[in-house]
Amino acid sequence: MKKQPDRAVLITDAARSQDEQFRSRQIRYVSMMGLRAACLVAGAVLISIRPPLLPLWLILCAAGMVFLPWAAVLIANDRPARSKAERAASAQARAPKPQPTITQHTPEPTEYLTIDLEPEATFEHREKR
């Protein structure tokens with residue numbers, strides 16, 4: 001049986017649905033890939049018109065074409081940031097819980113019984129009487 005929460009959950013506190021999160025990640029990924037394509041086109045245009053500082057511009061375009069796909073994949077696969085309530089609940093769950101202390105008792109001395117005779121010898125001794 002599920003334990004009911006102590007307080008009601010407001011609809012404004014609810015996380016976005018999985019479909020909405022997936023859609024926003026798709027939009028971010030496509031926009032970053034579009035920027036990468038723009039870097040490729042800008043590099044081709046820069047080569048054809050040969051502006052001053054051409055090597056610097058080409059390095060910037062190449063860096064965009066190399067690092068944007070990497071960043072796009074990381075961002076697309078990342079989950080949304082946690083809310084303050086989620087972070088607080090996580091911190092509370094990780095907090096160490098007080099352990100009950102166990103008192104130590106000293107063991108009391110125990111007397112042990114020592115038997116010197118074999119059981120058969122004792123039985124035969126009693127029969128002879």
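Scroll up a little and you will see the structure.
Bear in mind the structure is a predicted one, so any value in this text is a computation, not a measurement.

On the surface, a cluster of nonpolar side chains totalling about 540 Å² of accessible area is made up of V66, F67, W70, L74 and I75. Looking at the secondary structure, you find I75 in helix α2 (residues 54–77). Owing to a relative accessible area of 32%, I75 belongs among the partly exposed residues under this scheme.

With that settled, the discussion passes to the environment of A44. The topology assignment puts A44 in helix α1 (residues 18–49). A C-alpha to C-alpha distance of 9.6 Å links A44 and C61, two positions 17 residues apart in sequence.

One finds M32, M33, C39, L68, A71 and A72 forming the largest nonpolar core, which totals six residues. Residue assignment for this core shows that the elements contributing at least two residues are α1 and α2. Those residues in contact with A72, other than ones at most four positions away along the chain, are Y29, M32 and M33.

The next thing to look at is α2. Taking 1.5 Å of rise per residue, 24 residues should cover 34 Å, and α2 covers 35 Å from first to last C-alpha, within 8% of that figure. At F67, α2 shows its largest kink, close to 30°, and the proline P69 lies no more than four residues downstream. Burial in α2 covers these residues: L54, C61, G64, L68, P69, A71, A72 and A76.

Turning to a positive patch on the surface, a few remarks are in order. Together, R79, R82, K84, R87 and R94 give the surface a local cluster of positive charge. By secondary structure assignment, the location of K84 is in helix α3 (residues 84–94). Overall, the relative accessible area of 68% leaves K84 in the exposed class.

Cut-offs and rules
Residues numbered from 1 in each chain as written. Predicted model: local features only at pLDDT ≥ 70, side-chain atom pairs only at ≥ 80, totals over all residues. Heavy atoms only, no water. Patch = residues over 30% accessible without salt bridge, like charges linked within 9 Å, V, L, I, M, F, W, Y side chains within 5 Å. Areas by Shrake-Rupley, 256 points an atom, 1.4 Å probe, with all protein chains shown as cover. Salt bridge = Lys/Arg side-chain N within 4 Å of Asp/Glu carboxyl O. Helix = DSSP H or I, 4+ residues; strand = E, 2+ residues; numbered from the N terminus. Buried < 20%, exposed > 50% of the residue type's maximum accessible area, 1.4 Å probe, protein only. Core = buried A, V, L, I, M, F, W, Y, C linked by side-chain atoms within 4.5 Å. Contact = heavy atoms within 4.5 Å. Expected span 1.5 Å × (residues − 1). Bend = angle between axes of the 7 residues up to and from the residue. Lys, Arg positive; Asp, Glu negative; His and termini not counted. Charge placed at Lys NZ, Arg CZ, Asp CG, Glu CD.

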